Amino acid sequence: MPHYLKLGETPRKHHLKFPRAAAASFKGEGLHYEHVITTEGFDRAYSMLYHQKPPTRVKRVELVREFAPAPAAPLPLRHHHLKSFQLPRRGDPYTGRVPLMFNADLTCSRCRPATAMAAGYDFYRNGQSDDIIFVWGGGGWLETNFGRLRYRQDDYIVIPRGTIYRLVPDDIAQEDYLILESAHPVRIPARYLHPEGQIRMGAPYSERDFHGPTELVPNEQEGDFAILLKDRARLTKVVMASHPFDVVGWDGYLYPFTFNANDFEPITGTVHLPPPIHQTFEIRGYVVCTFAPRWLDHHPEAVKVPWAHDNTEADEVLFYVRGQFGSRKGVEPGSFTLHPQGIPHGPHPGTTLKSFDAQRTEELAVMFDTQYPLQLTPEALAMDDPDYPLSWLG
Ligand SMILES: [Fe+2]
């Protein structure tokens, strides 16, 4: 919800008559159909869309299956290093997600799709969660009922719940995602916004770094349009009578957008600054941070790796996108580290002394810190390095 956006045609005020000529395929009532999508009931960010046909014309519904990420067998409290680089390709960007860790606020998955869309489906809609898709590899078009926009490598694609969408990759063989499915809305951190609602000067990004839909071409087709609808642990097939991208215009604060990790302006100091300087998104129950390439602390005696720390009240997960991570040994692109609350972690032996000569880091990593503990799935344990908890012995 970065800022107000308007695309296409809308009436002069909310909820006024917005006439429309009858189409050959659908006579209708001579009006466009207003459709409001809200957050927090009707209290916070919302958008209003204007359809050529009612967005409620369901032809059929079928239960596809019920599923929920299952926790692995009980484990001791310990640090984890998951190597997801070799994950086999499977499914599409929706059914090919491999859940690795979860709690009531989010499910973190990796996804290396084999196809753009499963046979028998045209679109996907997450009815009860926001999707954050970090594009580790690939690029293409994100097509949605709000219009379409380009996505590229290192983009966070934020897709609010209720959006009907499909990813149209340029080359499916390059597509590779980290996906955070959020039970609560994804927001710009409140401390980055001034009371008028604009992103403050001095924040690590501005409105210009957020990219919403750029093209809206209403589609009047009638027929069978199949949406794979997810609501938490259930998948339903919903067949609509009209193309869901029949929107002629919309406006508001709620829409899918991209933010590229390389547009995150790092904040640095003379000595080490704590992780909140990397914060990118705020979600109830967790935060997302971007560790972008940056100059390191520049005091002549600065220790340029973090302290050992007890991350009390947060499970800390890093996904290593690329580059050499200064405080870690043994991690590689595609690695996750999970440092749970309850036990301390810190720089690996040898990395502190090595840091004194470093001036810059080219590392790029996505971090998410959760308020409540995460559970690992059996798929996560299959890529876990059992020796990682002992890697601080030196
Ligand atoms: Fe840490």
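Observations concerning the side chain of Ser355
Checked against the element boundaries, Ser355 lands in helix α1 (residues 351–355). On the accessibility criterion, Ser355 (6% relative accessible area) is buried. Of note is the side chain of Ser355, whose polar atom sits 3.2 Å from the backbone nitrogen of Lys304. Of the polar contacts made by the side chain of Ser355, one reaches the backbone oxygen of Thr352; its length is 2.6 Å. Leaving out residues up to four positions away in the same chain, Ser355 has contacts with Val303, Lys304 and Val305.

As for the coordination of the iron ion
Here the iron ion is held by His309 (NE2), Glu316 (OE), Glu316 (OE) and His345 (NE2), and the distances to it run 2.1 to 2.6 Å. Metal-centred angles of 54 to 137 degrees between the four donor atoms at the iron ion mark the site as irregular. When the donor residues of the iron ion are listed from N- to C-terminus, their spacing reads H-x6-E-x28-H. In this pair, His309 sits in the loop between β22 (294–295) and β23 (315–322) while His345 sits in the loop between β24 (335–339) and α1, placing the two residues 36 residues apart along the sequence. By the burial criterion, His309 is buried, and His345 matches it.

Topic: the pattern of salt bridges
Taken as a whole and assessed by the stated rule, the structure comprises 22 salt bridges. With its nearest N and O atoms 3.2 Å apart, the salt bridge here joins Glu220 to Arg20. Of this pair, Glu220 sits in the loop between β15 (210–211) and β16 (222–231) while Arg20 is found in the loop between β1 (5–8) and β2 (33–38), placing the two residues 200 residues apart along the sequence. Taking the relative accessible area as the measure of exposure, Arg20 reaches 13% and is therefore buried. We note a salt bridge from Arg161 to Asp130, for which the minimum N-O separation is 2.7 Å. Of this pair, Arg161 sits in the loop between β12 (155–159) and β13 (164–169) while Asp130 sits in strand β9 (residues 130–137), placing them 31 residues apart in sequence. Each of Lys59, Arg60, Glu62 and Asp224 takes part in salt bridges that share partners, so that together they form one network.

Describing the nonpolar core
Ranked by size, the top nonpolar core spans 52 residues in total, and within it Met101, Tyr156, Phe281, Val288, Phe336 and Phe368 carry the most contacts. Both domains that meet at this core, namely domain 1 (56–72 + 87–247) and domain 2 (262–390), each give it at least three residues. In contact with Phe368, other than residues within four places in its own chain, are Leu106, Cys108, Leu180, Tyr286, Val287, Val288, Asp315, Glu316, Val317 and Leu374. Counting residues in each nonpolar core, the second largest holds 19 residues, with Leu149, Ile157, Ala226 and Leu235 among its members.

Quick word on the pairing of strand β18 (residues 247–252)
Taken across its six residues, β18 has six buried, putting it largely inside the fold. Where β1 lies against β18, four bridges are found, and the strand directions are antiparallel. Along β18, the bridge assignment pairs Leu7 with Trp250.

Quick word on the sheet that holds β18
Spatially, β1-β18-β3-β2 is the arrangement adopted by the four strands of the open sheet, whose pairing is antiparallel. Among the strands making up the open sheet, the edge pair consists of β1 and β2. Taking each pair of neighbouring strands and ignoring which way they run, the sheet shows an average axis angle of 15 degrees.

Quick look at the domain arrangement of the chain
Under the domain assignment, the chain is made up of domain 1 (56–72 + 87–247) and domain 2 (262–390). Here the C-alpha centre of domain 2 lies 26 Å away from the C-alpha centre of domain 1. Taken together, the contacts link 41 residues of domain 1 with 41 residues of domain 2. Both sides of the domain 1 and domain 2 interface together cover about 3,500 Å² of buried area, and 64% of this is carbon and sulfur. Among the ionic pairs, Arg152 bridges to Asp263, the shortest N-O distance being 3.9 Å. On the surface where domain 1 and domain 2 come into contact, there are 18 residue pairs in polar contact (both at pLDDT 80 or more). Those elements that place two or more of their residues in the side of domain 1 that touches domain 2 are β6 (98–102), β7 (106–111), β9, β12, β14 (176–182) and β15. In terms of residues, the side of domain 1 that touches domain 2 owes the most to one element, β6, which gives five residues. Here the residues of the side of domain 1 that touches domain 2 sort into 28 nonpolar, six polar and seven charged.

Digging into the packing of aromatic side chains
Applying the stated criterion to the full structure yields 26 aromatic pairs. For the pair Phe257 and Phe281, a centre-to-centre distance of 6.4 Å together with 55 degrees between the ring planes defines the contact as tilted. In this pair, Phe257 sits in strand β19 (residues 257–260) while Phe281 sits in strand β20 (residues 279–283), placing the two residues 24 residues apart along the sequence. Accessibility assignment for this pair places Phe257 and Phe281 in one class, buried. An aromatic cluster is built from Phe134, Phe146, Tyr156, Tyr192, Tyr205, Phe210, Trp250, Tyr255, Phe257, Phe259, Phe264 and Phe281, whose rings are joined through pairwise contacts.

Here is what the cut-offs are and how they apply
- Residues numbered from 1 in each chain as written.
- Predicted model: local features only at pLDDT ≥ 70, side-chain atom pairs only at ≥ 80, totals over all residues.
- Heavy atoms only, no water.
- Helix = DSSP H or I, 4+ residues; strand = E, 2+ residues; numbered from the N terminus.
- Buried < 20%, exposed > 50% of the residue type's maximum accessible area, 1.4 Å probe, protein only.
- Polar contact = N/O pair within 3.5 Å; in protein donor to acceptor, adjacent residues only side chain to side chain.
- Contact = heavy atoms within 4.5 Å.
- Donors = N, O, S within 2.8 Å, 3.2 Å for Na, K, Ca; no water.
- Tetrahedral: all angles 85-135°; square planar, octahedral: opposite > 155°, others 65-115°.
- Salt bridge = Lys/Arg side-chain N within 4 Å of Asp/Glu carboxyl O.
- Core = buried A, V, L, I, M, F, W, Y, C linked by side-chain atoms within 4.5 Å.
- Domains from an automatic or database assignment.
- Pairing = 2+ DSSP bridges.
- Axes fitted to C-alpha atoms, helices over the stretch in contact; angles between N-to-C directions.
- Buried area = accessible area lost by both parts, 1.4 Å probe.
- Nonpolar A, V, L, I, M, F, W, Y, C, P; charged D, E, K, R; others polar.
- Phe/Tyr/Trp six-rings, centres within 6.5 Å; stacked < 30°, edge-to-face > 60°.

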